[in-house]
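Given next are the chains, with one letter for each unit.
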Amino acid sequence: MKRERKFVCSLLGLFVLAVLLVSFRGSIVNGAEQPRKNVLFISSYTQSFMTVPDQISGIKKEFKNQPINLDMEFMDTKRFASDQNIKNFYTNLSFKIKNTQKYDAVIVGDDAALQFAIDYQEDLFSQIPIVFFGINDKDRAKEAAKNPYMTGIVEETSLDENIQLARKFNPTATKVAAIVDDTLTGKGDQKQFETAMQAFTDLDSIILNVSNYSFEEFAKVLEKIDENTILLFLSMNQDNTNHYMEMQDQYLFIKNHTKVPVYRASIGGVGEGLLGGRLISYEAFGQIAAGMVLDVFAGTPIDSIPLLEETPYYYFFDNQIIKKYKIDEALIPKEAVLVNKRINPLKEYMKYIVTVGVLILFLGCVAIILIIDNIKRRKIQRKLQESNEELSMIYEELAASEEELKMQYGLVEQHAKETDLLYQKYDIAITSTDSAVWELDVKTNELEVSSNIQNIVNKAIPIRGDFNYVLGYVIHPEYKEQVFNEIQNCIMGKKDEVYIQVSDNAQDKRQRWFLIRGKGIHDKDNNLTKIYGIVLDTTSIIEKEEYIKHAASHDYLTDLPNRLRFMEVLEEELKKESSGAVLLFDIDDFKSINDTLGHVYGDELLKQIAARIRNIQDEKMYVARMGGDEFLILLKDVTDNQIVDLYIKRIKKMFSQVFMLGGREDFIHFSMGVTFYPMDSKNISQIIMNADTAMYKAKKSGKNSCIYYHEQMKEELKSKKKVEAILREAMKNDGFCLYYQPQIEVKTGEIIGFEALLRLKNHNISPDIFIPIAEERGYIIEIGRWVAKEAIRQMAEWIKKGYPEKMIAINYSGKQMRDKGFINYVKGLIQEYGMKPEYLEIEITEGIFFENNTQTLDFIKELRNQGFKIALDDFGTGYSSLYYLTYMPVDKIKLDKSIIDKFLEFENNKVMESLILLAHSLNLKITAEGIEEENKLIKLKQNGCDYIQGYLFSKPLIHMDLEKIYNNNYKNYCAIN
Ligand code: C2E
Ligand code: CA
């Protein structure tokens, strides 16, 4: 640990030292003191003139850290070129020199200043070294250099070198153009250009003199300059309108109006739109001149320093312009200075990157050391934890054994408590429950019972004494022997224990039950000496058992045995191989009693019936409620019809008395089926089924009828089931079709309509058979809707085919009354198929009125309101009350075949005549149905019958056959008189 920390500290120290080294670098001071010299710089211009700041910077650079005082004077000859200005300058300077110090050297910049120095050397600078630079007039410079106190550098712009450079950049150039003006400088520039161009005979030279144009016109001139032209910017100060343009604006102007790089041989404009070129270095001028002064100060005689005829240059370009004109960068001299160059951040910030890198490296090292340190610490911690865990495990083990000890102690304590509790429980059991303890001494026969036996038997009795004596007080005498035997068996070892259920000897009160239990105690010779036991009051248990047994086998409502119990009894009889009869009956219209009076009255009726049956019951008769409104009667040991008939008589009598239901008197009818066993069947379920079949038959044959089962009924049932299956299949798989039977108007012989009659497509079963089954099973609702739809659809199809619209009649079963949506359904159909409602006739039978009179009336009225026609079918088969006709809202009566046969059989047709008359008087039309013979037609015509339907004209036909007779006229038949 310590070692690591030391290492970290030393690294930190190193880092701090490095930082200090970097920050203090370069601040080491140069030292020895020398006497200060005074130098004067005279500039021909002003401090703000383009070239001057560089010159001053060059001088200052060279004089840096030297004991020199530099003074500067500016002649401003550019703006004030007059002699007066020179004179004023002289006066001023001479005043200053005479009143301050003498100068040790003078530097003069440009021609005007040199001239001034020459002119006033004697007066102002006598025997003082004078160094000049930037002298354009070579001759003047050479002259001055002859002076023993003067030396310096000449200035020569090298246009030719710039042109050469431009040719390298643009080898396809054919022309060189120079921008000049008419100012003195501009003229000088033009002259220099023309001189330079003498070296380039292969290139055309063009002078672009701004003073010949306005700046606007000149802009256009510049814009026309093409890629083959090398363009030099020399001077562009004034146009022909004497408009003067500032330098900064000139650069911008050129930039905006040229498409070629613009070369510059002197300072200004590079970085502001001009490409640049080989430029005079004014800074270098200053530096060289200052250097010459320093040489003189160092002891070199001034006249030994020769005139420098080589002007210092440097290359200066705008990097963005290079890029813009795609100048090959390889051609740019390496030493060239570039402006607008994007700085490489890596290079630029190398110092910082290195510093940050070192810092990161250092921090990384520190982090690694810390991590290593951390890992070691954790290792130690883990070891510590492990040993700690080991310790606590040992501690826990110790604690556990202590806990175990405690637990064992607790167990002992608990056992003690439990034993105590058991004793208490025993006490409670004996004293406060319905039990007592007894003890019998086998040898002495003495019985001792705990005193609470008196609570159990609910009287005061002796609790000790002879076995028989004590027992006599407790149990019913009939159990005495059984108890005695049970005890003997136990004594003799035949049974392990005494276990016997006995009843008490009280006859007048509620019978009580006891369970006596006991076990023998043996002595050391294994002789049974005593029996200990308990007496338990089991009355309520026995009662509950009895109740459950009873409830399981009895009907809760009537308390008659239930179907299950009945079957058990029947089974016993069958086992005994005895013979008998099973009677099954149910209440007619029980459903409507329930529906109209409510279930309470329905239940009440069943209870009353049960009570009446009990009254007529004898030992041969076993009665049970089968369920619902069905009752089963078993007549044991009866083989004779006549005896059964006697019982039936009794039952009929029983029903002949009026029932009181809900405060009103009601006669109740029943239907009964009877079957003999084992004659009809030995199988219990089959026996009941047989009775059911017979009862079903009885139901169809009127009130209070009883029918004996016979074999044939089974067949009927079977075929009924078959038809049911066929109907179901037909409903599922489009198995129905309609036949149509025409109805003929007697007067005209015309077919006025058709009755639609239902058929099964794949089975030759008459509707007289399958319709009742469909009604019974409730299928008629679905089938009835199908018939309505198919008949209406067919009529619509015929009309579509061009047949004249005729009436179509459909049969409506009373059982369809349950289809509450029927009227709306048919309404929807006639709308869907665009049929007029008066063309649909609905045939009802008077049976429909039996069900629910008012409801039926409303229904029929509603049908008529909708515009449908109503025909009363099968008139003459049932009640056929003429009275019905007075209030039944029907349009037509269909006389049944049977009534026609009956009344037209003989010559006497008076009845028929008056019947038709009556109907007509009630505004009803008459259709005679089932007419096969001509003579009947004649008679019916004579009697005024309106329509005829029968085989005489046509049997019911399938639609395509019917189409053949659709428009037939039977006038010829009807004409018969
Ligand atoms: P219904 O309404 O009395 O129909 C007339 C029955 O008499 C038809 O028997 C018809 O074929 C038959 N018939 C017609 N002319 C003569 C004739 O000159 N001589 C004889 N012997 N019989 C003739 P079908 O088609 O067997 O229908 C029997 C019954 O089935 C119908 O009696 C009707 O109550 C019922 N039914 C038929 N189709 C339907 C139906 O679509 N719905 C309902 N609910 N019942 C229908
Ligand atoms: Ca009919």
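Residues numbered from 1 in each chain as written. Chains lettered and ligands numbered in written order. Predicted model: local features only at pLDDT ≥ 70, side-chain atom pairs only at ≥ 80, totals over all residues. Heavy atoms only, no water.

- As recorded in an unreviewed UniProt entry, the chain goes by EAL domain-containing protein and comes from Candidatus Galacturonatibacter soehngenii.

### Structural notes on the overall build of the chain
So, point 1. For the chain, the count of helices and strands is 34 helices and 34 strands.
So, point 2. Taking 977 residues into account, the globule formula puts the C-alpha radius of gyration at 30 Å, and the chain, at 72 Å, lies well above it.
So, point 3. Taking the principal axes of its C-alpha atoms as reference, the chain extends roughly 185 × 125 × 45 Å.
So, point 4. Looking at the chain as a whole, 43% of its 977 residues are labelled buried.
So, point 5. Long-range contacts, defined as pairs at least 24 residues apart, comprise 66% of the intrachain contacts of the chain with a sequence gap of at least 6.
So, point 6. Carbon and sulfur atoms make up 53% of the accessible area of the chain, which totals about 54,700 Å².
So, point 7. The chain carries 121 positive and 142 negative side-chain charges, and their two centres are separated by 2 Å. (Helix = DSSP H or I, 4+ residues; strand = E, 2+ residues; numbered from the N terminus. Rg over C-alpha atoms; globule rule 2.2 N^0.38 Å. Buried < 20%, exposed > 50% of the residue type's maximum accessible area, 1.4 Å probe, protein only. Contact = heavy atoms within 4.5 Å. Areas by Shrake-Rupley, 256 points an atom, 1.4 Å probe, with all protein chains shown as cover. Lys, Arg positive; Asp, Glu negative; His and termini not counted. Charge placed at Lys NZ, Arg CZ, Asp CG, Glu CD.)

### Observations concerning unusual backbone geometry
Peptide bonds are mostly trans, and most non-glycine residues show a negative phi.
So, point 1. For the bond running from Y677 to P678, omega is -5 degrees, close enough to zero to count as cis.
So, point 2. Tracing the chain through its elements places P678 in the loop between strand 24 (670-677) and helix 22 (684-700).
So, point 3. One non-glycine residue, N526, lies in the positive phi region at around 65 degrees.
So, point 4. For N526, a relative accessible area of 57% translates into the label exposed.
So, point 5. The phi dihedral of D637 falls on the positive side, at around 55 degrees, and the residue is not glycine.
So, point 6. Its location among the elements puts D637 in the loop between strand 21 (630-636) and helix 21 (641-656).
So, point 7. Residue class for D637 comes out exposed when judged on its relative accessible area of 52%.

### A short note on the site of ligand 1
So, point 1. For ligand 1, the set of nearby residues contains 21 residues, the closest of which are Q741, R759, D873, E932 and Y951.
So, point 2. N811 has a polar side-chain atom sitting 3.1 Å from an oxygen atom of ligand 1.
So, point 3. In the complex, the protein chains occlude 83% of the 790 Å² of accessible area that ligand 1 would expose alone.
So, point 4. Looking at which element gives the most residues to the shell around ligand 1, the answer is strand 27 (residues 751-760), with four residues. (Near = heavy atom within 4 Å. Polar contact = N/O pair within 3.5 Å; in protein donor to acceptor, adjacent residues only side chain to side chain.)

### Considerations on the pattern of salt bridges
So, point 1. Inspection of the entire model under this criterion finds 45 salt bridges.
So, point 2. With its nearest N and O atoms 3.2 Å apart, the salt bridge here joins R517 to E497. Placement of the pair is R517 in strand 17 (residues 513-522) and E497 in strand 16 (residues 497-503), with a sequence separation of 20 residues.
So, point 3. The class of R517 is partly exposed, set by a relative accessible area of 33%.
So, point 4. We note a salt bridge from E963 to K801, for which the minimum N-O separation is 3.1 Å. (Salt bridge = Lys/Arg side-chain N within 4 Å of Asp/Glu carboxyl O.)

### Some points on the coordination of the calcium ion (ligand 2)
So, point 1. Binding of the calcium ion (ligand 2) to the protein goes through E755 (OE), N811 (OD1), E843 (OE) and D873 (OD), at separations of 2.2 to 2.3 Å.
So, point 2. Read in sequence order, the donor residues coordinating the calcium ion (ligand 2) give the pattern E-x55-N-x31-E-x29-D. Of the two residues, N811 is situated in strand 28 (residues 807-811) and E843 in strand 29 (residues 840-845); the sequence distance between them amounts to 32 residues.
So, point 3. When its relative accessible area of 1% is taken as the criterion, E843 is described as buried. (Donors = N, O, S within 2.8 Å, 3.2 Å for Na, K, Ca; no water.)

### Description of the pairing of strand 30 (residues 869-875)
So, point 1. Counting buried residues along strand 30, five of its seven residues qualify, which places the element largely inside the surrounding structure.
So, point 2. As paired elements, strand 29 and strand 30 share five bridges and run parallel to each other. Bridge pairing links I842 to I870 in strand 30.
So, point 3. Sheet analysis places strand 30 next to strand 31 (residues 892-895), joined by three bridges and oriented parallel. Bridge pairing in strand 31 links L872 to I893. (Pairing = 2+ DSSP bridges.)

### Focus on the domain arrangement of the chain
So, point 1. Here the chain is described as being made up of domain 1 (159-276 + 313-339), domain 2 (434-543), domain 3 (557-709) and domain 4 (721-974).
So, point 2. Once you take the C-alpha centre of each, domain 1 and domain 2 turn out to be 147 Å apart. (Domains from an automatic or database assignment.)

### Focus on a positive patch on the surface
So, point 1. Among the surface-exposed residues, K376, R377, R378, K379, R382 and K383 lie close enough to one another that they form a single positively charged patch.
So, point 2. Looking at the element boundaries, R382 is found in helix 13 (residues 350-432). (Patch = residues over 30% accessible without salt bridge, like charges linked within 9 Å, V, L, I, M, F, W, Y side chains within 5 Å.)

### Focus: a nonpolar patch on the surface
So, point 1. Taken together, the side chains of M350, I353, V354 and V358 define a hydrophobic patch exposed on the protein surface, amounting to about 320 Å² of accessible area.
So, point 2. Along the polypeptide, V354 turns up in helix 13.
So, point 3. Note on V354: relative accessible area 46%, which makes it partly exposed.

### Considering the environment of V39
So, point 1. For V39, the position within the fold is in strand 1 (residues 37-43).
So, point 2. Using a relative accessible area of 0% as the deciding quantity, one classes V39 as buried.
So, point 3. The sequence separation of V39 and Q250 amounts to 211 residues, and the corresponding C-alpha distance is 36 Å.
So, point 4. In this structure, V39 is in contact with F63, I68, N69, L70, D71, Y103, A105, I107, V293 and F297, ignoring residues within four places of it in sequence.

### Side note on the side chain of E486
So, point 1. You can see E486 is positioned in helix 16 (residues 477-491).
So, point 2. A polar atom in the side chain of E486 sits 2.8 Å from the side chain of K495.
So, point 3. Aside from chain neighbours lying at most four places away, what touches E486 is K495, E497, V498, Y499 and I500.

### Here we look at the state of the cysteines
So, point 1. A complete count under the given rule lists zero disulfides for this structure.
So, point 2. Residue C974 stays outside any disulfide, its sulfur separated by 10 Å from that of C945, the closest cysteine.
So, point 3. Classification of C974 as buried rests on a relative accessible area of 3%. (Disulfide = S-S within 2.5 Å.)

### With respect to the environment of H959
So, point 1. Within the secondary structure, H959 is located in helix 33 (residues 959-965).
So, point 2. Note: C-alpha distance between H959 and M807 (152 residues apart in sequence) is 15 Å.
So, point 3. Non-local contacts of H959, meaning those with residues more than four positions away in its chain, are made with Y740, Q794 and W798.

### Focus on the environment of S540
So, point 1. On the secondary structure map, S540 appears in helix 17 (residues 539-553).
So, point 2. Between the alpha carbons of S540 and R512 there is a distance of 8.4 Å; along the sequence they are 28 residues apart.

### Comments concerning the sheet that holds strand 15 (residues 464-466)
So, point 1. Read from one edge of the open sheet, six strands run 15-14-13-18-17-16, paired in antiparallel fashion. Because the sheet does not close on itself, it has two edges, and the strands there are strand 15 and strand 16. With direction set aside, neighbouring strand axes in the sheet form an average angle of 20 degrees.
So, point 2. Both strand 13 (residues 435-441) and strand 18 (residues 528-537) contribute to a ladder of seven bridges, which runs antiparallel. When the sheet's bridge partners are listed, A436 is paired in strand 18 with V535.
So, point 3. Contacts between helix 15 (residues 467-474) and the sheet are confined to strand 13, strand 14 (446-449), strand 15 and strand 17, with strand 15 contributing the most and set at about 115 degrees to the helix. (Axes fitted to C-alpha atoms, helices over the stretch in contact; angles between N-to-C directions.)

### Some thoughts on the confidence of the model for the chain
So, point 1. The share of residues in the chain with pLDDT of 70 or more is 93%, and the mean pLDDT across the chain is 87.
So, point 2. Low pLDDT (under 50) marks residues 1-32, which in the prediction has twelve contacts with non-local residues, meaning those over four places away or in another chain. (pLDDT = per-residue confidence, 0-100.)

### Observations concerning the sheet that holds strand 19 (residues 580-587)
Whenever strands of a sheet pair, they do so through backbone hydrogen bonds, lying parallel or antiparallel.
So, point 1. Read across the sheet, five strands follow the order 20-21-19-24-25 without closing on themselves; strand pairing throughout is mixed. Sheet topology places strand 20 (621-627) and strand 25 (706-708) at the edges, where each strand pairs with a single neighbour. For this sheet the average axis-to-axis angle between neighbouring strands, irrespective of direction, equals 20 degrees.
So, point 2. As judged from the three bridges shared by strand 24 and strand 25, these two strands associate in the parallel manner.

### Considering the packing of aromatic side chains
The way to describe two aromatic rings as a pair is by their centre distance and the angle between their planes.
So, point 1. In the structure shown here, the tally under the stated rule is 34 aromatic pairs.
So, point 2. Relative to F316, the ring of Y314 has its centre 5.7 Å away and its plane inclined at 35 degrees; by these criteria the two rings are tilted.
So, point 3. Among the aromatic residues, those joined into a cluster by ring pairs are F585, F631, F655, F659 and F670.
So, point 4. Taking NZ or CZ as reference, K37 lies 5.3 Å from the ring centre of F297, over its face.
So, point 5. Taking NZ or CZ as reference, R785 lies 4.6 Å from the ring centre of Y825, over its face. (Phe/Tyr/Trp six-rings, centres within 6.5 Å; stacked < 30°, edge-to-face > 60°. Lys NZ or Arg CZ within 6 Å of the ring centre and 35° of its normal.)

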